[in-house]
Every structure is written in structure tokens, then in C-alpha cells.
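For reference, the chains in residue letters:
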Amino acid sequence: MSLFDLSITEIHKRLKEREISATDLVKESLRRIDEVEKDVQAFLLIDSDRALSRAKKIDNDIVNSEEIGILAGLPVGIKDNIITEGVRTTCGSKILENYNPIYSATVYKRILAGQSIMIGKTNMDEFAMGSSTEHSAYHPTFNPWNLNYVPGGSSGGSAAAVAAGEVYYALGSDTGGSIRQPAAYTGVVGLKPTYGLVSRFGLVAFASSLDQIGPITKNVEDAAYVLQTIAGHDEYDSTSANVPIPDYISGLTREIKGLRIGVPKEYMGEGIDHGVKEKIQDAIEVLSGLGAIIEEVSLPHTEYAVATYYIIAPSEASSNLARYDGVRYGIRADSAENLIDMYKKTRSEGLGSEVKRRIMLGTYALSSGYYDDYYLKAQKVRTLIKQDFEKVFDKFDLILGPTVPTTAFKIDENINDPLTMYLNDILTIPVNLAGLPAISIPAGLVNGLPVGLQLIGKHFAEATILRAAYAFEQSTEHNKLKAQFVRG
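Nothing here was measured: the structure is a model prediction, and the numbers come from that model.

### Structural notes on the UniProt feature "domain: Amidase" (unreviewed entry) in the chain
Stage number 1. Here the UniProt-annotated "domain: Amidase" (unreviewed entry) positions come out as residues 24-466.
Stage number 2. In residues 24-466, the share of helix is 37% and the share of strand is 14%. The end C-alpha atoms are 30 Å apart.

Here you go:
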């Protein structure tokens, strides 16, 4: 049995009693990476020497202290768009292949303060623009359940590393579903917090009004522990919410009697795979059996979410990525004749096709003569989508549906079909547009591939989401299933 099969509380107890050490946990992570990383390719960088050194320090701290953090000694994977001082951060892009940060993201500081140990930086779609981790400039990542399938994206490396047992938990970022979708595809738990609950300081920006950092874990309890550590106000992030942080752990009970849950008819209609629908219906029966009150509702503007997102997100990306010009950091093209030529060559050589596509879309939407027709109109529709949620939450505590319309698709299946790729996010995108919290938890298998159940809550209602997710998880065996590493 792997040490990673133990719960966080069991590991914590054994650490305190010195039955195991932080060094043991890091060695277990590195052993597993040696065993499976050649197949999964979840990482862009393995920082083994630093991890072992930090483990030794934590072991010394444990000897000399009565108090140790609940996440102490746990190996973690960090998505490669989260800034880590002294450790290369590339965002999965060639344009940042030599970027060595001089500061750290707030979330990284908080997990270090909690005595976790970063094993390495996980692979991702370039600048978080993608839904399969095939758009990494370095290599794709493969789904541990079936190595011929994608792990989802853009946090595919983080999700695959947790599903493969290479790390105990991971951090990802979610702009339109990039935590929840790969969590669904790889059979793990992915939590997208309310916009502003977790600091974005040190997260390399894709779309600043949509981006949010969150945990990817083996189970709901672990997600609650990690969220407890990383949530909270940050003076370095102007969009950080200064709200009280509840005790997420104490709220993890199986008691959901009377909880009102709405199931949008738009989330269970045309385009949703039959097998996925069946698993969600099974989940509804489980939650009903636990006493939840479940009724059909409507989110009528759902059909406009993808179009709205793919105007707003590329527009913000066009602005945010303008800084990558070869002047201050990142690569610089050789043989440029003048400054403008250097800009062109650097971006042409350093950025991938999907990033270029989105920059062009965003630049067009923001350009003179088109701003009102595209960007301004998209922002108005965004408000309508947010109002749809508010109307439902006047009467309901949570919204339930599939995380993704299908199970994972095959490597290379959609790589040349961006529209199909974009439509995979139809059920996750509305949450980001409205700034809401949501979680994806395992809901069973269809043809050997995981299905994700999505629970969406009111702003800052993470405790309610976690409670319902925990009740469902404890009433099923889905989270106990393990990736099989099959091919075919």
C-alpha cells in the first residue's frame, strides 16, 4: 500500500507520532514518479533535490515542535502558471522557457507555510488556453485511466499527477473549467472557489476577471483542508475579497436533509452523452435518498455562455499577453532588424497556435468599430448569465449537473477542431462568468473512463458545496476507484 492511500488525518497522526517522516512521503512521491511519469508526463519540472532538502527541514521542525501543519510533509504539484521563486515557471510556453521568478505567488507561500513540499511544476496548455493539455509547448499529458486519452485541461498535468498517485494533491487554475474539467476526466476532485476567495497574486494572467486558483485532490475532505490553507484576503491582490473564512472541515457531515438542489434542464439536454446522463441521474437518486430536495430549474442563457466567454476571455488575454515582447523577460528572437521586427519575431517564435488564435480573436473584439458589437455585448450577456444563477439561488442552495458533456476524448481527436474543443466547456464556463464556486467529484465510470458530477453554489458558499459533495462521496464508492493505466 502506498503512503498516499492514507487520509490526510492519518498521515498527520503518523507524522506527529514519528511513525513516518516527511522524507518518507517525498521519497514515495519520487518513487511513483519514476514508475509512471514516462507514461503520464504530468510534469514539466521535477524539483527533487529541493523537495528532499525541505522534507529534511520539516522533519527537524517536527522533532522540535508540538504543532505541525495539517498539510505538513505532503508532496504537492504546482501548475506551471503559478509563480515559484527560484523555480522555473514557463506557463507551458516557449516564450517563458528561461523565466526564473524572483518572487512567489501568495498561494505558494501559504502552502509552504502549511509545511507542504512542492515536488515540481505540472504541465498545462500554453498560458492555460486549452481543454486537453495537448497545447503545451513541451509535450502532451496522458490520462492515467487510459493513456490514449487526454486528461483534460488546462490543468491536465495537475489532475493527472493526483490521479496517477505521483503527488498527494495539486494546485490548478480555472478560467473556464480548467480545474473541474480535468478533474472530471481523471476521476479526482477539483474545486473552483468563488472569484476573489483565493489570491491571484503570482498567478500568470490569462483572463483576469475569470481566473481563479483552486485545489485538485483525491477526495472532498482533502479539498477542504487545502482550501482552508489557501483561502483568505491578500493585500497584494486588488480583487481579493475580504470575507470571513469559515471552518470548512467541521462542516463535512453527511447531513444534507432539506438541502434544495436545482438541476438545470439545459445541463441535461441535447449534447450530453447518454452514459454521462445516467451517472448524473444515479447521483440525483443518492442525494435524494440523503434527504435533499431536488427539482428541475432553468438557466435560459446557458446557450450563449461559450460565445460570450470566447469574446471576453480572448479580449483579456490580448491585453494581458501584450507584455510578452522579448524586452524584459522570456526569450528574445535573434536577428531582428528593429524594435517592431523584434516584437513580431519573438511572439511568432515564442507563442503557439492556440495562443495566437485567441490573441487575434481578442484583439479583433476590442478593435475600433467592433468593441460595442462584440466585447460590450458579451459583457451584457455575462450579466444575464449571472442573473440566471441569482434567480435560481433565490430558491435553491445548490445547482447540480454534469461537469462535462462527455468522458475524455482521445489524444489528437479534437486538436485540429477548436470549436469542438471549446464546446467541451459549455457546462463549466457559466460558473466563471458569474464568479461562482463549483466542485467536480467522481460519479462513476462509462466505458472505463470517469464521469464528473458538478455542484455549483452561491458566492462564498464553499462550505455548502463541500458538505453536499462529502455526503455524496461518503455514500458511494466512486472516489475509491483508481486509474488503471490501460491503452486502447
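### Side note on the packing of helix H2 (residues 22-40) against helix H3 (residues 48-63)
Stage number 1. Where H2 meets H3, the closest approach of the two axes is 8 Å, and the angle between their N-to-C directions is 160°. Between H2 and H3, the angle falls in the class roughly antiparallel. The segment H2 lies against H3, with Ala22, Thr23, Val26, Lys27 and Leu30 engaging Ser48, Ala51, Leu52, Ala55, Lys56, Ile58 and Asp59.
Stage number 2. Partitioning the contact of H2 with H3 into residue classes produces seven nonpolar, two polar and three charged.

### Let's talk about empty space enclosed by the protein
Stage number 1. Taken as a whole and judged by the stated rule, the model has five cavities of 30 Å³ or more.
Stage number 2. Empty space within the largest cavity amounts to approximately 60 Å³.
Stage number 3. Lining the largest cavity we find Ala128, Gly130, Ser131, Gly153, Gly176, Ser178, Tyr309, Tyr310, Arg358 and Asp425.
Stage number 4. Considering only residue class, the lining of the largest cavity consists of three nonpolar, five polar and two charged.

### Let's talk about the side chain of aspartate 325
Stage number 1. If you trace the backbone, aspartate 325 turns up in the loop between helix H9 (305-320) and helix H10 (339-350).
Stage number 2. The buried charged residue aspartate 325 lacks any salt bridge partner; its closest oppositely charged side chain belongs to arginine 347, at an N-O distance of 4.7 Å.
Stage number 3. Polar contacts involving the side chain of aspartate 325 include one to the main-chain amide nitrogen of valine 327, which spans 3.0 Å.

### Quick look at the layout of surface pockets
Stage number 1. For the largest pocket, the calculated volume is near 740 Å³.
Stage number 2. Along the wall of the largest pocket there are 31 residues; nearest its centre are Phe4, Asp5, Lys218, Asn479 and Lys482.
Stage number 3. Those elements giving two or more residues to the lining of the largest pocket turn out to be H2, helix H5 (156-163) and helix H15 (462-474).
Stage number 4. If you tally residues by element for the lining of the largest pocket, the top one is H2, at four residues.
Stage number 5. Here the residues of the lining of the largest pocket are counted per class, giving eleven nonpolar, nine polar and eleven charged.
Stage number 6. Within this model, the second largest pocket holds a volume of roughly 330 Å³.
Stage number 7. For the second largest pocket, the lining is made up of 18 residues, of which Tyr103, Leu203, Val204, Ala205 and Arg323 are closest to its centre.

### Quick look at the pairing of strand S2 (residues 75-79)
Stage number 1. Across the five residues that make up S2, a large majority, five, are buried.
Stage number 2. In S2, alternate side chains face the same way, and those of Pro75, Gly77 and Lys79 on one face and Val76 and Ile78 on the other are all buried.
Stage number 3. Relative to strand S3 (residues 117-122), S2 is paired through five bridges, and the arrangement is parallel. Pairing of proline 75 across the sheet is with isoleucine 117, part of S3.
Stage number 4. The handedness of the S2 to S3 crossover, carried by helix H4 (residues 106-113), is right-handed.
Stage number 5. Both S2 and strand S4 (residues 169-173) contribute to a ladder of three bridges, which runs parallel. The partner of valine 76 across the bridge, within S4, is tyrosine 169.

### A closer look at helix H12 (residues 372-393)
Stage number 1. Across its 22 residues, H12 extends 31 Å between first and last C-alpha, which sits within 8% of the 32 Å expected from 1.5 Å per residue.
Stage number 2. Those residues of H12 lying buried are Tyr375, Ala378, Val381, Arg382, Ile385, Asp388, Phe389, Val392 and Phe393.

### So, a nonpolar patch on the surface
Stage number 1. A cluster of nonpolar side chains, namely Tyr364, Tyr370 and Tyr374, defines an oily patch on the protein surface of about 280 Å² accessible area.
Stage number 2. If you trace the backbone, tyrosine 370 turns up in the loop between helix H11 (353-366) and H12.
Stage number 3. Residue tyrosine 370 is classed as partly exposed on the basis of its relative accessible area of 34%.

### Looking at the nonpolar core
Stage number 1. Counting residues in each nonpolar core, the largest one holds 143 residues, and the members touching the most others are Phe127, Phe389 and Leu466.
Stage number 2. Looking at which element gives the most residues to this core, the answer is H9, with eight residues.
Stage number 3. In this structure, phenylalanine 127 is in contact with Cys91, Ser93, Ile95, Leu96, Val204, Phe206, Leu321, Tyr324, Leu351 and Val355, ignoring residues within four places of it in sequence.
Stage number 4. Membership of the second largest hydrophobic core comes to 14 residues, among which are Tyr149, Ala408, Ile411 and Leu449.

### Thoughts on the pattern of salt bridges
Stage number 1. This model, assessed by the stated rule, comprises 18 salt bridges.
Stage number 2. The salt bridge partner of arginine 31 is glutamate 35, with a shortest N-O separation of 2.9 Å. You can see arginine 31 and its partner glutamate 35 sitting in helix H2, four residues apart, about one turn around the helix.
Stage number 3. Of the residues examined, arginine 31 reaches a relative accessible area of 40% and is grouped as partly exposed.
Stage number 4. The partner of aspartate 47 in a salt bridge is arginine 50, and the shortest N-O contact between them spans 2.7 Å.
Stage number 5. Judged by relative accessible area, which is 13%, aspartate 47 ranks as buried.
Stage number 6. It is possible to trace a salt-bridge network through shared partners that takes in Glu28, Arg31, Arg32 and Glu35.

### Things to note about the UniProt feature "active site" (unreviewed entry) in the chain
Stage number 1. In the numbering used here, UniProt assigns the "active site" (unreviewed entry) feature to Lys79, Ser154 and Ser178. For this annotated set, covering 100 residues, all C-alpha atoms fall within 11.0 Å of each other, a compact arrangement in space. Restricting the annotated residues to those that line the largest cavity leaves Ser178.
Stage number 2. For lysine 79, the position within the fold is in strand S2.
Stage number 3. In this structure, lysine 79 is in contact with Lys121, Thr122, Met124, Ala128, Ser154, Ser155, Ser158, Leu171, Gly172, Ser173 and Ser178, ignoring residues within four places of it in sequence.
Stage number 4. Relative to the elements of secondary structure, serine 154 occurs in the loop between S3 and H5.
Stage number 5. On the basis of relative accessible area, serine 154 is assigned to the buried category, the value being 0%.
Stage number 6. Not counting residues within four places of it along the chain, the set of residues in contact with serine 154 comprises Lys79, Asn123, Met124, Asp125, Ala128, Met129, Gly130, Thr133, Ser173 and Ser178.

### Notes on the sheet that holds strand S5 (residues 189-192)
Stage number 1. Pairing within the open sheet is mixed, and its eleven strands lie in the order S1-S3-S2-S4-S6-S5-S10-S11-S9-S7-S8. Two strands lie at the open edges of the sheet, namely strand S1 (43-46) and strand S8 (293-297), each paired on one side alone. Put simply, the sheet's adjacent strands are angled 30° from each other on average, direction ignored.
Stage number 2. Its contacts with the sheet place H2 against S1, S2 and S3, and it is angled at close to 25° to S3.

Parameters at a glance
- Residues numbered from 1 in each chain as written.
- Predicted model: local features only at pLDDT ≥ 70, side-chain atom pairs only at ≥ 80, totals over all residues.
- Heavy atoms only, no water.
- UniProt positions renumbered as here; feature names shortened; annotations may be inferred.
- Helix = DSSP H or I, 4+ residues; strand = E, 2+ residues; numbered from the N terminus.
- Axes fitted to C-alpha atoms, helices over the stretch in contact; angles between N-to-C directions.
- Parallel < 35°, antiparallel > 145°, perpendicular 65-115°, else oblique.
- Contact = heavy atoms within 4.5 Å.
- Nonpolar A, V, L, I, M, F, W, Y, C, P; charged D, E, K, R; others polar.
- 1 Å grid on protein atoms, 1.4 Å probe; cavity = no way out; pocket = protein on both sides within 12 Å on 5 of 7 lines; lining within 4 Å.
- Points joined across faces, edges and corners; volume = space filled by probe spheres on them.
- Buried < 20%, exposed > 50% of the residue type's maximum accessible area, 1.4 Å probe, protein only.
- Lys, Arg positive; Asp, Glu negative; His and termini not counted.
- Salt bridge = Lys/Arg side-chain N within 4 Å of Asp/Glu carboxyl O.
- Polar contact = N/O pair within 3.5 Å; in protein donor to acceptor, adjacent residues only side chain to side chain.
- Pairing = 2+ DSSP bridges.
- Right-handed = clockwise from strand over helix to strand, strands pointing away.
- Expected span 1.5 Å × (residues − 1).
- Patch = residues over 30% accessible without salt bridge, like charges linked within 9 Å, V, L, I, M, F, W, Y side chains within 5 Å.
- Areas by Shrake-Rupley, 256 points an atom, 1.4 Å probe, with all protein chains shown as cover.
- Core = buried A, V, L, I, M, F, W, Y, C linked by side-chain atoms within 4.5 Å.

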